[in-house]
Amino acid sequence: MTKIDPIYVGHDAIGHLLDYVKAHSLNRFCIVADENTYPALGERVEAALKGAGHDVSSVVLEGHHIHTDEHQCMQVFIRAPLGPLTFIAVGSGTITDVTRFVSHRTGRPFIGMPTAPSVDGFTSIGAPIILAGVKTTILCQAPLAVFADLPTLANAPQALIGAGFGDMIGKITSLADWKMGSLLWGEPYDTTIAARSQAAIDSVVNNADAIGNHTEEGVRALMDALIESGLCMLDFGTSRPASGAEHHASHYWEMKRLGEGRETQFHGAQVGYALTLVAKQYAKIRALSRSQALDMLEGATLPSRESEVESIRAGYGAMVDDIVKEHRAFLDLDEAGFDQLKHKIADHWDEIQAIAAKVPPPEEIAAALHKAGAPITWEELGLDADEVQPGFDYGHYLRNRFTVIKLSRVLGVPLTV
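Per-chain numbering applies: the sequence of each chain, read as written, is numbered from 1 onward. Two thresholds apply to this predicted model, a pLDDT of at least 70 for residue-level local features and 80 or more for giving and counting side-chain atom pairs, whereas whole-chain, interface and lining totals are computed over all residues. Processing note: side-chain calculations cover all non-hydrogen atoms of the structure and skip hydrogens and water entirely.

With respect to the side chain of Ser174
Only runs of H or I of at least four residues qualify as helices and only runs of E of at least two qualify as strands under DSSP, and these elements are numbered from the N terminus. Here Ser174 lies in helix H7 (residues 171–184). In protein, a polar contact requires one atom able to donate a hydrogen and another able to accept it; more generally it is a pair of N or O atoms within 3.5 Å, and residues adjacent in sequence count only if both atoms are side-chain atoms. Separated by 3.4 Å, the side chain of Ser174 and the backbone nitrogen of Ser243 make a polar contact. We call two residues in contact whenever any of their non-hydrogen atoms come within 4.5 Å of each other. Non-local contacts of Ser174, meaning those with residues more than four positions away in its chain, are made with Arg240, Pro241, Ala242, Ser243, Gly244, Glu246 and His247.

Considering the pairing of strand S5 (residues 110–114)
Relative accessible area decides the class of each residue, using a 1.4 Å probe on protein chains only: under 20% of the type maximum gives buried, over 50% gives exposed, and in between gives partly exposed. For S5, the tally of buried residues reaches five of five residues, placing the bulk of the element in the interior. The side-chain alternation of S5 yields two buried faces, one formed by Phe110, Gly112 and Pro114 and the other by Ile111 and Met113. Strand pairing follows a simple DSSP-based rule, namely that at least 2 bridges must link the two strands. Where strand S4 (residues 86–91) and S5 come together, five bridges link them in parallel fashion. Bridge pairing in S5 places Phe87 opposite Phe110. When the strands point away from the viewer, a crossover counts as right-handed if the path from the first strand over the helix to the second runs clockwise. Handedness of the crossover joining S4 and S5 through helix H4 (residues 93–105) is recorded here as right-handed.

Description of the pairing of strand S3 (residues 55–61)
Pairing geometry for strand S2 (residues 28–34) and S3, over seven bridges, is parallel. Bridge pairing in S3 places Val32 opposite Val59. Handedness of the S2-helix H2 (residues 37–51)-S3 crossover: right-handed.

Focus on the pattern of salt bridges
Any carboxyl oxygen of Asp or Glu that lies within 4 Å of a side-chain nitrogen of Lys or Arg is treated as forming a salt bridge with it. According to the stated counting rule, one finds 18 salt bridges in the structure shown. The shortest N-O distance in the salt bridge between Lys171 and Asp120 comes to 2.6 Å. Of this pair, Lys171 sits in helix H7 while Asp120 is found in the loop between S5 and strand S6 (126–131), placing the two residues 51 residues apart along the sequence. With respect to burial, Lys171 and Asp120 carry one shared label: buried. Where Arg262 meets Glu387, a salt bridge forms, and the shortest distance between an N and an O atom there is 2.8 Å.

Describing the packing of helix H6 (residues 158–169) against helix H10 (residues 216–236)
Where helices are involved, their axes are fitted lines through C-alpha atoms of the stretch in contact, as for all axes, and angles between N-to-C directions lie from 0 to 180°. Look at H6 against H10: their axes get within 10 Å of each other, and the N-to-C directions meet at 45°. Taken together, the axes of H6 and H10 lie oblique to each other. Regarding H6 and H10, the two cross each other, and that crossing is left-handed. For the pair formed by H6 and H10, the contact residues are Ile161, Gly164, Phe165 and Met168 on the first element and Val219, Leu222, Ala225, Leu226 and Ser229 on the second. Polarity classes work like this: nonpolar for Ala, Val, Leu, Ile, Met, Phe, Trp, Tyr, Cys and Pro, charged for Asp, Glu, Lys and Arg, and polar for all others, with Gly in that last group. Partitioned by chemical class, the residues of the contact of H6 with H10 number seven nonpolar, two polar and no charged. Oblique is the label for any angle not under 35 degrees, not over 145, and not in the 65 to 115 range, which are roughly parallel, roughly antiparallel and roughly perpendicular in turn. With the far helix as reference, a near helix turned anticlockwise by less than a right angle produces a left-handed crossing, and one turned clockwise produces a right-handed crossing.

A closer look at the state of the cysteines
Cysteine sulfur atoms that pair up within 2.5 Å are treated as a disulfide. What the rule picks out here adds up to zero disulfides. Here Cys73 is not disulfide-linked; the sulfur of Cys140 is the nearest cysteine sulfur, at 8.6 Å. Judged by its relative accessible area of 4%, Cys73 is buried. Not engaged in a disulfide, the cysteine Cys232 finds its nearest cysteine sulfur in Cys140; these two sulfurs lie 20 Å apart.

Considering H7
Its 14 residues give H7 an end-to-end C-alpha distance of 19 Å, which sits within 8% of 20 Å, the value for a rise of 1.5 Å per residue. In terms of burial, H7 is a largely internal element, 12 of the 14 residues being buried. Within the sequence span of H7, burial applies to Lys171, Ile172, Thr173, Ser174, Leu175, Ala176, Asp177, Trp178, Met180, Gly181, Leu183 and Leu184. Positive phi shows up at Gly186, right after H7, with a value of about 70°. Between the first and last residue of a helix there are one fewer steps than residues, each counted as 1.5 Å, and that sum is the expected span.

Here we look at the packing of aromatic side chains
What counts as a ring pair is set by centres within 6.5 Å for rings of Phe, Tyr and Trp (its six-membered ring), and what kind of pair is set by the plane angle: stacked under 30 degrees, edge-to-face over 60, tilted for all other angles. In the structure shown here, the tally under the stated rule is 10 aromatic pairs. Measuring from ring centre to ring centre gives 6.3 Å for Phe77 and Phe101, while their planes differ by 85°; the resulting arrangement is edge-to-face. You can see Phe77 sitting in helix H3 (residues 70–79) and its partner Phe101 sitting in helix H4, a full 24 residues away along the chain. In this structure Phe77 comes out as partly exposed when scored by relative accessible area, which is 31%. With relative accessibility at 12%, the residue Phe101 sits in the buried group. Between Trp178 and Tyr189, the aromatic rings sit 4.5 Å apart at their centres with planes inclined by 55°, giving tilted as the arrangement. Note that Trp178 is positioned in helix H7 and Tyr189 in the loop between H7 and helix H8 (191–206), a separation of 11 residues in sequence. Taking relative accessible area as the criterion, Trp178 reaches 0% and is therefore assigned buried.

Some details on the packing of helix H12 (residues 267–287) against helix H18 (residues 349–357)
Contact geometry for H12 and H18: axes closest at 9 Å, N-to-C directions at 140°. Looking at the two axes, H12 sits oblique to H18. The way H12 lies across H18 gives a crossing that is left-handed. Side by side, H12 and H18 meet where Tyr282, Ile285, Arg286 and Ala287 of the first sit next to Trp349, Ile352, Gln353, Ile355, Ala356 and Ala357 of the second. Of the residues assigned to the contact of H12 with H18, the class counts are eight nonpolar, one polar and one charged.

Examining unusual backbone geometry
Pro6 follows Asp5 through a cis peptide bond whose omega is 5°. For Pro6, the position within the fold is in the segment before strand S1 (7–10). Its identity is not glycine, yet Ser25 carries a phi of approximately 55°, on the positive side. Tracing the backbone shows Ser25 in the loop between helix H1 (13–23) and S2. On the accessibility criterion, Ser25 (62% relative accessible area) is exposed. Of note in this structure, Ala132 is not a glycine but carries a positive phi near 50°.

So this is what it looks like as structure tokens:
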């Protein structure tokens, strides 16, 4: 198991960084930041390291809202010095993932210095990167250590803090989908990691007002929860404990907009909004009686592979072949396998309802998002009205995972916005 040590959140992150690099005899660094995070923290980190006699260079990525894609990764590949060094990611999700990918591919370690509590990937091994238009999580490496400067986090833009809150409570349905996937699709499951993730969710929900008010107490609670979520992914080995239907919708919206050359919203903000709609779907499942579910299963038919591929083509265009590969386990399901899936749903119906019962009502989730200053409508996200539904119609094809969207398709209870 990979160990990240230390993980520090407090008022003297740079001081702790200097102590760490001295103790580990690290003396050559490349800071990766962007035009926002370099003045917010990166400049001070660079000055402190140089003041301590270290060899430091900086790669500052240009653009108001950059994305984790081939272009940004290549910028760091080209502009970073050759030879042994330690990368330092000074930024939020995009900067961390670009640095994680480049450091891993060049065989060099990195240290994380978050500037906003906006995502849960600071301590994970996965880097979600948009490659040829498809958002793909590539397993890379965890940071050696994380040093988060609390005043910098608390002064982050509200949009980033709200995005972190949305990303974190999105785990409500991630966990529900994960449990259901273990029951119906044989996905690996870990009760201890699920409990840890639930505790992190509870912590941020209980601090929603403080998070919305940018208090250091609230921001620390949010950052601690995001770090814990990343550690859960690190310990489990994949993003499954932290990503379900709500994340798939967000990924689809982002990919679609980027493919059309349009601006996107922060990932976590989209996750929070998608969560309200997935919670609404869980409420529909919870309202079904066993007899209703059995009737629906009796009439359920397996969609043809051809029709599914055409649906993928309609949603993804030129990316169809990549998505088909990811979705192959579902596309290759035959009549016998589909009947077996229907029997599993019937046999586990009481457990499915128990899972659904643990998902709070969408109104309760929206209220928590509002307290934390996160978007709760598609208008606030800057989405068009006709963009929302495709996130659920096509987003589920992105991953070989069983979610409430998959269950709803079998039962014939579609999610409608």
